[in-house]
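Fold and geometry: a report
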Amino acid sequence: QVQLVESGGGLVQAGGSLRLSCAISRRTFSTYAMGWFRQAPGKEREFVAAINWSGGNTYYADSAKGRFTVSRDNAKNTVYLQMNTLKPEDTAVYYCAVQRGEWGTVRRSDYDYWGQGTQVTVSS
(Lines give C-alpha, C1' and ligand atoms only; values in the text may rest on other atoms or scores of the structure.)
Protein backbone atom coordinates (compact mmCIF):
# COMPACT_ATOMS: atom_id res chain seq x y z
CA GLN A 1 0.00 0.00 0.00
CA VAL A 2 2.72 2.45 1.02
CA GLN A 3 5.74 2.51 -1.26
CA LEU A 4 9.13 3.95 -0.42
CA VAL A 5 11.67 4.28 -3.20
CA GLU A 6 15.33 4.96 -2.50
CA SER A 7 17.70 6.36 -5.08
CA GLY A 8 21.14 7.89 -5.30
CA GLY A 9 23.30 4.94 -4.39
CA GLY A 10 26.36 3.99 -6.34
CA LEU A 11 30.09 3.42 -6.33
CA VAL A 12 32.37 6.10 -4.93
CA GLN A 13 35.95 6.43 -3.80
CA ALA A 14 36.76 6.78 -0.13
CA GLY A 15 36.38 10.39 0.89
CA GLY A 16 33.69 11.04 -1.67
CA SER A 17 30.05 11.95 -1.23
CA LEU A 18 26.62 10.68 -2.14
CA ARG A 19 23.13 11.95 -1.55
CA LEU A 20 20.43 9.38 -1.11
CA SER A 21 16.78 10.19 -1.65
CA CYS A 22 13.70 8.38 -0.45
CA ALA A 23 10.29 9.24 -1.82
CA ILE A 24 7.02 7.99 -0.41
CA SER A 25 4.53 7.30 -3.15
CA ARG A 26 1.42 8.04 -1.13
CA ARG A 27 1.07 10.22 1.90
CA THR A 28 -1.08 8.01 4.06
CA PHE A 29 -0.06 9.46 7.41
CA SER A 30 -0.63 12.97 8.63
CA THR A 31 2.45 12.74 10.83
CA TYR A 32 5.40 10.44 10.39
CA ALA A 33 9.07 10.30 11.15
CA MET A 34 11.60 8.83 8.78
CA GLY A 35 14.78 6.94 9.33
CA TRP A 36 17.74 5.54 7.48
CA PHE A 37 19.21 2.13 8.15
CA ARG A 38 21.92 0.15 6.47
CA GLN A 39 22.91 -3.46 6.19
CA ALA A 40 26.40 -4.60 5.31
CA PRO A 41 27.26 -8.16 4.29
CA GLY A 42 27.24 -10.47 7.27
CA LYS A 43 25.78 -7.86 9.59
CA GLU A 44 22.39 -6.96 10.94
CA ARG A 45 20.53 -3.95 9.70
CA GLU A 46 21.65 -0.98 11.78
CA PHE A 47 20.37 2.48 12.47
CA VAL A 48 22.02 5.37 10.67
CA ALA A 49 19.88 8.49 11.07
CA ALA A 50 16.36 9.68 11.80
CA ILE A 51 14.39 12.87 11.35
CA ASN A 52 11.14 13.88 12.94
CA TRP A 53 8.02 14.96 11.11
CA SER A 54 8.63 18.69 11.37
CA GLY A 55 12.25 18.32 10.32
CA GLY A 56 13.58 20.24 13.27
CA ASN A 57 15.17 17.32 15.05
CA THR A 58 17.64 14.76 13.83
CA TYR A 59 19.55 11.93 15.41
CA TYR A 60 22.56 10.02 14.16
CA ALA A 61 24.43 6.87 14.92
CA ASP A 62 27.97 7.47 16.10
CA SER A 63 29.26 6.09 12.83
CA ALA A 64 27.35 8.75 10.89
CA LYS A 65 27.68 11.73 13.19
CA GLY A 66 29.65 14.57 11.66
CA ARG A 67 29.64 13.04 8.20
CA PHE A 68 26.01 12.38 7.33
CA THR A 69 23.08 14.78 7.28
CA VAL A 70 19.43 13.79 7.11
CA SER A 71 16.80 16.23 5.91
CA ARG A 72 13.30 16.16 4.51
CA ASP A 73 10.96 18.02 2.23
CA ASN A 74 7.44 17.21 3.26
CA ALA A 75 5.95 19.01 0.28
CA LYS A 76 7.72 16.45 -1.90
CA ASN A 77 7.22 13.57 0.51
CA THR A 78 10.95 12.98 0.34
CA VAL A 79 13.74 12.43 2.83
CA TYR A 80 17.43 12.79 2.03
CA LEU A 81 20.66 11.44 3.41
CA GLN A 82 23.72 13.44 2.49
CA MET A 83 26.79 11.32 3.04
CA ASN A 84 30.20 12.96 3.06
CA THR A 85 33.69 11.66 3.73
CA LEU A 86 32.58 8.17 2.90
CA LYS A 87 34.61 5.24 4.17
CA PRO A 88 34.83 1.66 2.93
CA GLU A 89 33.01 0.55 6.07
CA ASP A 90 30.02 2.59 4.90
CA THR A 91 29.49 0.04 2.16
CA ALA A 92 26.02 -1.39 2.62
CA VAL A 93 22.51 -1.46 1.31
CA TYR A 94 20.78 1.63 2.63
CA TYR A 95 17.09 1.58 3.49
CA CYS A 96 14.68 4.34 4.31
CA ALA A 97 11.79 3.67 6.62
CA VAL A 98 8.65 5.33 7.94
CA GLN A 99 7.45 5.41 11.51
CA ARG A 100 4.06 6.79 12.38
CA GLY A 101 4.22 9.66 14.80
CA GLU A 102 6.27 12.77 15.33
CA TRP A 103 9.57 11.19 16.28
CA GLY A 104 11.46 8.18 15.01
CA THR A 105 13.41 5.75 17.11
CA VAL A 106 16.62 3.81 16.54
CA ARG A 107 14.87 0.45 16.63
CA ARG A 108 14.07 -1.03 13.27
CA SER A 109 11.12 -2.91 14.73
CA ASP A 110 9.44 0.42 15.46
CA TYR A 111 9.24 1.36 11.80
CA ASP A 112 6.13 0.56 9.83
CA TYR A 113 7.22 0.66 6.20
CA TRP A 114 10.49 0.10 4.39
CA GLY A 115 11.95 0.85 1.01
CA GLN A 116 13.66 -1.69 -1.19
CA GLY A 117 17.14 -0.39 -0.46
CA THR A 118 19.87 1.17 -2.54
CA GLN A 119 23.43 -0.08 -2.75
CA VAL A 120 26.28 2.14 -1.62
CA THR A 121 29.78 0.89 -2.33
CA VAL A 122 32.85 2.80 -1.17
CA SER A 123 36.17 1.71 -2.58
CA SER A 124 39.46 2.17 -0.76
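Right above here is the structure, for reference.
Residues numbered from 1 in each chain as written. Predicted model: local features only at pLDDT ≥ 70, side-chain atom pairs only at ≥ 80, totals over all residues. Heavy atoms only, no water.

1. A closer look at the nonpolar core
Residues W36, L81, M83 and Y94 are the most contacted members of the largest nonpolar core, which totals 29 residues. In contact with L81, other than residues within four places in its own chain, are L18, R19, L20, W36, V48, A49, F68, T69, V70 and Y94. Of all hydrophobic cores here, the second largest spans 6 residues; its members include F47, A50, A61 and Y111. (Core = buried A, V, L, I, M, F, W, Y, C linked by side-chain atoms within 4.5 Å. Buried < 20%, exposed > 50% of the residue type's maximum accessible area, 1.4 Å probe, protein only. Contact = heavy atoms within 4.5 Å.)

2. With respect to the state of the cysteines
For the structure shown, the criterion picks out 1 disulfide. Each disulfide pairs two cysteine sulfurs, and for C22 the partner residue is C96, the sulfurs being separated by 1.8 Å. Judged by the sign of its S-S torsion, about 55 degrees, the bond between C22 and C96 is right-handed. You can see C22 sitting in strand β3 (residues 18-24) and its partner C96 sitting in strand β9 (residues 92-100), a full 74 residues away along the chain. You'll find C22 and C96 in the same group, each marked buried. (Disulfide = S-S within 2.5 Å. Helix = DSSP H or I, 4+ residues; strand = E, 2+ residues; numbered from the N terminus.)

3. A closer look at the environment of K87
Following the sequence through the fold, K87 ends up in the loop between β8 (78-83) and β9. For the pair K87 and G101, spaced 14 residues apart in sequence, the C-alpha separation works out to 32 Å. Sequence-distant contacts of K87, defined by excluding residues within four places in its chain, comprise R67 and V122.

4. What to know about a nonpolar patch on the surface
A cluster of nonpolar side chains, contributed by Y59, W103 and V106, occupies part of the molecular surface with about 300 Å² of accessible area. When you line up the elements, V106 lands in the loop between β9 and β10 (113-114). (Patch = residues over 30% accessible without salt bridge, like charges linked within 9 Å, V, L, I, M, F, W, Y side chains within 5 Å. Areas by Shrake-Rupley, 256 points an atom, 1.4 Å probe, with all protein chains shown as cover. Salt bridge = Lys/Arg side-chain N within 4 Å of Asp/Glu carboxyl O.)

5. Comments concerning the side chain of T118
Looking at the secondary structure, you find T118 in strand β11 (residues 118-123). Taking relative accessible area as the criterion, T118 reaches 11% and is therefore assigned buried. Within the structure, the side chain of T118 is placed 3.3 Å from the backbone nitrogen of G9, a separation counted as a polar contact. Residues in contact with T118, not counting those within four places in the same chain, are E6, S7, G8, G9, L20, A92, V93 and Y94. (Polar contact = N/O pair within 3.5 Å; in protein donor to acceptor, adjacent residues only side chain to side chain.)

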